[in-house]
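What the coordinates show
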Amino acid sequence: MSAAGVGTRLRPRSGRAGEPIFEVRENWGDRRVSTPIAGFTLGGYQINGYNFFIIIVSILLLVASYLVLRGTRLGLVARGTMQSADMAAALGYSPDRVYMTTFFVGSALAGLAGGVLAPLVGLVPTWGTLYIAKAFITVISGGASIVLGLLSSATVFGLVSQTFTFLSGPVIGEVALLVAAIVLLRLLPQGITGRFFKGRL
Amino acid sequence: MADVVLETRNLTMRFGGVTAVDNVNFKLRRGELRCLIGPNGAGKTTFFRCLTGILKPTHGEVFIDDVETTGWDPQYVARMGIGIKTQVPSVMDGLSVRENIWLSAYRLSGAREADRIAAEVIERLGLGDIARSTVGRLAHGERQRVELGIVVAARPWLVLLDEPAAGMTGEEVERMVDIIHEINRDAALIIVEHDMQFIRSIAAQITVFSQGAVLMEDTVEAVMSDQRVRDVYLGKRG
Amino acid sequence: MDRSALRDAPWVVAAGIIVMFAAPLILNFYTLTLLVIYGMLALSLGLIWGFGGILCFGQAAFYGLGAYAYAISAANIGESTVPMLLAIAIPFVFAFLLGAMMFYGRLTDVYMGVITLVVTLIFFRFMNTTAGPEYQIGQARLGGYNGIPGYQTLNVPGDASAYIWDESLYYTCFVILLVVYVLVRLLLASPFGRIAVAIRENENRVELMGYDARLRKSVLFAIGGGIAGLAGALYASWAEIVTPGLFSLGQSAEIIIWCIVGGLGTLVGPVLGAAVLGYLKFALGQQTAVDNVLVMGLILVVVVLVLPRGVVPSLISAFRHSSRRREPGGRRRRGPRGVRADG
């Protein structure tokens, strides 16, 4: 779903160079621009400013979605429809419209994620597909609670993946993530929030 | 086979802070026909689900035919020769009536015998006209009867029914009473029900549940005339 | 055995034989063989998804496993009969174990989908890293993303020098497809098949009848895996090289699309879906005017919106509808149903 964001990010770049798109694909390695925010040092460490920016954006988005789902009428209706579409319909809300809205918001978020991540990666039109499987696995493993589930599963998988990447390289890191997903779902068939933080958002 | 075919000892089921079934000691004798009644929320369906293995009790034991079955999966409870009908009709919607019943008979009897049993059960339950229909298209009462057919086709010696008459028309309820008496010729039964009319026509031994515990156990007449039972049904608790 | 459920099977087989001889008039054997192999692959998912209610996002795992099992054992053994059997047996066993792991763990629906997806990804990632010389099984080097080339392709059983290729490979694959089809139809008409469908309809009820749904689902899943493995082995023999791309996400997605477009709850539907969409992909690959993925995506969207049950089930009910009008009083038979959202 992040493909939407990728597309918009790509267009100005190929346009600026005045070249047909397929050449972007072939030469993408040369065409990297530096990330828009400068780095800074903290004590003895060099911190990449843009990476820091991504972390801030993610936290803000997570908090914002939590607040919207938790505090607004729209969030309440969306959660209610998720729990019982029939009941929501009986109360006069159109599940179709709710699904449409949540899908719209979800796609917008995915687009934003693509846009934010774009400066860090080599862009090709099919770049979004790399993230489909991981996003799917993370969401499902989280379980029924949207924010808490996502937070917990993303933390677990991120930790596992980065630990193994650090210990023995990116491929093992990725495989470790996948194995972790299998083990996790085998032990918690309803996802993390199917057992822990039950019924919380 | 033992004289007591089903027994619970100190059976307790808690959901969070709510005790739905509280320390129930219950016995069912061979060939007996027993109704469990009580107002909504009295714990009879929870108790029923603990017997069938759909719920695992928090505390206490269930014995079926002197074998402890506490916490068994429903499939293993069923394999002891027990027919179970749950509250919401649970049938295979995409298959025909005959197939539904045939599959139940097949497990113990093999294909040829299952053909015969299915035909016989369909006849007995008056499902002949709709035997080839897809179950998903039938009315609620018909689906209830199909599920009963599934239960009967496995030739159980103990049958557990949760609200078999729910959502049925008057005529269907009458037929259900006959079917239950017929099942009772070969098997013991436990029936969860709150339709008093239905219970009166079954005329069985009755166990009254209230607030998760057994309030009393007696015949229909005794239960009907009991002041405590009336209080419970009218909401004067305690 | 439910004989009435098999009434149309001879007609399907007869039609299949006609198609087998007619198709070479339009297309070359090389392309046709691949389409037949795709058909078999789609059949494997059509069986477990359409009749068992098991949505497997990773049917490509068994397909790739069958292809690799064949390539590795053929490179070591030579004669193709044993590799062929291994290519069915290994995915069968693997699918059984994976299925047992999932079904005994009471994993359902989308969680099951994730597990199968993840397994496919693991194969994909792992096979891509096996470029080094340390990854060698007997005579066969796994070769990483370059894959394994140069093994013995399919031969007449017993005679390693009598290769089955091109025209004869096409007919062999087609006959195998027809045989598999008949076997699966027999399986579905048998009590095992009826119970499998019953599990799809209502797993709780089947367990209350005393059947072990977990074991039965594992076996059905394994049969699907075995058929996918067979398709993989035939693919390996056709392509003469196996690469990790067999395990790719795109491959898994394609199988699902074939089944959805063709129609679940039938066996012919997925096979036709695979053949038609496979051909379309091939034809679109010949030109550069339109992007191939775009067209495929569009077809899927249109079919899901217009014919949510898939092409073949919609055709069948349309046909029944019209024939019922001609003979008044005929009892309406229910068409094959799609898988509900919860199953």
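Residues numbered from 1 in each chain as written. Chains lettered and ligands numbered in written order. Predicted model: local features only at pLDDT ≥ 70, side-chain atom pairs only at ≥ 80, totals over all residues.

1. What about the overall build of chain C?
- Within chain C, the secondary structure is distributed over 13 helices and four strands.
- For a compact globule of 343 residues, the expected C-alpha radius of gyration is about 20 Å, and chain C comes in at 20 Å, within 12% of that figure.
- Summarising its shape, the C-alpha atoms of chain C cover approximately 70 × 50 × 45 Å along the three principal directions.
- The proportion of buried residues among the 343 residues of chain C is 50%.
- Partitioning the intrachain contacts of chain C with sequence separation of at least 6 by distance along the chain shows that 74% fall at a separation of at least 24. (Helix = DSSP H or I, 4+ residues; strand = E, 2+ residues; numbered from the N terminus. Rg over C-alpha atoms; globule rule 2.2 N^0.38 Å. Buried ≥ 20, exposed ≤ 12 C-beta atoms within 10 Å, placed from the backbone. Contact = placed C-beta atoms within 7 Å.)

2. Here we look at the overall build of chain B
- When its secondary structure is counted, chain B shows eight helices and 10 strands.
- The C-alpha atoms of chain B give 18 Å as radius of gyration, which agrees with the globular expectation for 238 residues (18 Å, within 12%).
- Taken over the C-alpha atoms alone, chain B extends approximately 55 × 40 × 35 Å along its principal axes.
- For chain B, with 238 residues in total, the buried portion stands at 45%.
- Intrachain contacts of chain B at a sequence separation of at least 6 include 65% that bridge at least 24 residues.

3. Notes on the nonpolar core
Residue and element names in this part refer to chain C.
- Counting residues in hydrophobic clusters, the biggest one holds 195 residues, and the most contacted among them are Ile37 and Val118.
- When residues of this core are assigned to their parent elements, the largest contribution, 15 residues, is made by helix α2 (residues 29–51).
- In this structure Ile37 touches Cys173, Ala231, Leu234, Tyr235 and Trp238, once residues within four positions along its chain are discounted. (Core = buried A, V, L, I, M, F, W, Y, C linked by C-beta atoms within 7 Å.)

4. So, the arrangement of the chains
- Here the protein chains form two pairs of chains in contact, of which the pair with the most contacts is chains B and C.
- Structurally, chain A and chain B remain out of contact, their C-alpha atoms never closer than 12 Å.

5. Observations regarding the interface of chain C and chain B
- The interface of chain C with chain B comprises 17 residues on the first partner and 20 residues on the second.
- At the level of secondary structure, the elements contributing two or more residues to the side of chain C that touches chain B comprise α7 (191–201) and α8 (203–208) of chain C.
- Among the elements that line the side of chain C that touches chain B, the one with the most residues is α7 of chain C, at six residues.
- A breakdown of the residues in the side of chain C that touches chain B according to their chemical character gives seven nonpolar, three polar and seven charged. (Nonpolar A, V, L, I, M, F, W, Y, C, P; charged D, E, K, R; others polar.)

6. Section: helix α9 (residues 170–187) of chain A
- Under the 1.5 Å per step criterion, the end-to-end length of α9 of chain A is 26 Å for 18 residues, consistent within 8% with the ideal 26 Å.
- Glu174, Val175, Ala176, Leu177, Leu178, Ala180, Ala181, Ile182 and Leu185 of chain A are the residues of α9 of chain A that are buried.
- In this structure, the buried residues of α9 of chain A make contact with α7 (129–142) and α8 (146–168) of chain A together with α5 (109–128) of chain C. (Expected span 1.5 Å × (residues − 1).)

7. Quick word on the sheet that holds strand β4 (residues 59–64) of chain B
Residue and element names in this part refer to chain B.
- The strand order across the open sheet built from four strands is β2-β1-β4-β5, with neighbouring strands paired in antiparallel fashion. This sheet does not close on itself; its edge strands, each paired only once, are β2 (18–29) and β5 (67–68).
- Both strand β1 (residues 4–15) and β4 contribute to a ladder of five bridges, which runs antiparallel. Bridge assignment links Thr12 to a residue of β4, and that residue is His59. (Pairing = 2+ DSSP bridges.)

8. Structural notes on unusual backbone geometry
All names here are of chain B.
- In the Ramachandran plot, Asn23 falls in the positive-phi region, its phi being about 55° despite a non-glycine side chain.
- Mapped onto the secondary structure, Asn23 falls in strand β2.
- Of note, the phi angle at Asp65 is positive, near 50°, even though the residue is not glycine.
- The topology assignment puts Asp65 in the loop between β4 and β5.
- The partly exposed category is assigned to Asp65, around which 17 C-beta atoms lie within 10 Å.

9. Quick word on the confidence of the model for chain C
- Mean pLDDT for chain C: 88, with 93% of residues reaching 70 or above.
- As scored by the predictor, the complex reaches a pTM of 0.85 and an ipTM of 0.85. (pLDDT = per-residue confidence, 0-100.)

10. A few points about the sheet that holds strand β10 (residues 213–219) of chain B
Residue and element names in this part refer to chain B.
- The six strands are arranged β6-β7-β8-β3-β9-β10 in an open sheet whose pairing can be described as mixed. Of all the strands in the sheet, the pair left with one neighbour each is β6 (82–85) and β10. Taken over all neighbouring pairs, the strand axes of this sheet differ in orientation by 15° on average, direction set aside.
- In this sheet, strand β8 (residues 188–192) lies alongside strand β7 (residues 158–162) in parallel orientation, the contact comprising five bridges. Across the sheet, residue Leu161 finds its bridge partner in β8, namely Ile191.
- On the sheet, helix α4 (residues 140–153) packs against β6 and β7 and is oriented at approximately 170° with respect to β6.
- Here helix α8 (residues 227–234) sits on the sheet in contact with β9 (205–210) and β10, set at roughly 130° to β10. (Axes fitted to C-alpha atoms, helices over the stretch in contact; angles between N-to-C directions.)

11. A word on the packing of α8 of chain A against α9 of chain A
All names here are of chain A.
- Between α8 and α9, whose axes approach to 7 Å, the crossing angle comes to 145°. Where α8 crosses over α9, the two elements pack in a sense that is right-handed. Judged by residue contacts, Val156, Phe157, Val160, Ser161, Gln162, Phe164, Thr165 and Ser168 of α8 engage Pro170, Ile172, Gly173, Glu174, Ala176, Leu177, Ala180, Ala181 and Leu184 from α9.
- Of the residues in the contact of α8 with α9, the class split is 11 nonpolar, five polar and one charged. (Left-handed = near helix turned anticlockwise from the far one by under 90°.)

12. Observations concerning the interface of chain A and chain C
- Across the boundary between the two partners, chain A contributes 14 residues, which contact 16 residues of chain C.
- Here the side of chain A that touches chain C gets eight residues from one element, more than from any other, and that element is α9 of chain A.
- Of the residues assigned to the side of chain A that touches chain C, the class counts are 11 nonpolar, one polar and two charged.

13. Things to note about the pairing of β8 of chain B
All names here are of chain B.
- Among the five residues in β8, five count as buried, and that is most of the element.
- Side chains Ala188, Ile190 and Val192 project from β8 onto one buried face, and the interleaved Leu189 and Ile191 project onto a second face that is buried too.
- Judged from the four bridges that link them, strand β3 (residues 33–37) and β8 form a sheet pairing that is parallel. Across the sheet, Leu33 pairs through a bridge with Leu189, a residue of β8.
- Since β7 and β8 lie parallel, the crossover through helix α5 (residues 170–186) that links them has a hand, and here it is right-handed. (Right-handed = clockwise from strand over helix to strand, strands pointing away.)

14. A short note on the packing of α2 of chain C against helix α6 (residues 166–189) of chain C
Residues and elements named next belong to chain C.
- Relative to each other, α2 and α6 sit at 15°, their axes nearing to 8 Å. Classified by the interaxial angle, the pair formed by α2 and α6 is roughly parallel. The interaxial crossing formed by α2 with α6 has left-handed handedness. The segment α2 lies against α6, with Phe29, Tyr30, Leu32, Thr33, Val36, Ile37, Gly39, Met40, Leu43, Leu47 and Phe51 engaging Asp166, Glu167, Leu169, Tyr170, Cys173, Phe174, Leu177, Val180, Tyr181, Val184 and Leu188. (Parallel < 35°, antiparallel > 145°, perpendicular 65-115°, else oblique.)

15. Here we look at the pairing of β4 of chain B
All names here are of chain B.
- Bridging between β4 and β5 involves two bridges; their strand directions are antiparallel. Looking across to β5, one finds that Phe63 is bridged to Glu68.
- Taking the residues between adjacent antiparallel strands as the criterion, β4 and β5 are bridged by two residues, where Asp65 takes a positive phi near 50°.

16. Details of the environment of Pro57 of chain B
All names here are of chain B.
- Looking at the element boundaries, Pro57 is found in the loop between α1 (44–52) and β4.
- As a C-alpha pair, Pro57 and Arg14 span 43 residues in sequence and 7.8 Å in three-dimensional space.
- Excluding anything up to four places from it in sequence, Pro57 contacts Leu11, Thr12, Met13, Cys50 and Thr70.

17. A closer look at the environment of Gly43 of chain A
Residue and element names in this part refer to chain A.
- With respect to the helices and strands, Gly43 occurs in the loop between β1 (40–42) and β2 (45–47).
- What makes Gly43 exposed here is the crowd of 5 C-beta atoms within 10 Å.
- Expressed as a C-alpha distance, the spacing of Gly43 and Leu187, which sit 144 residues apart in the sequence, is 42 Å.

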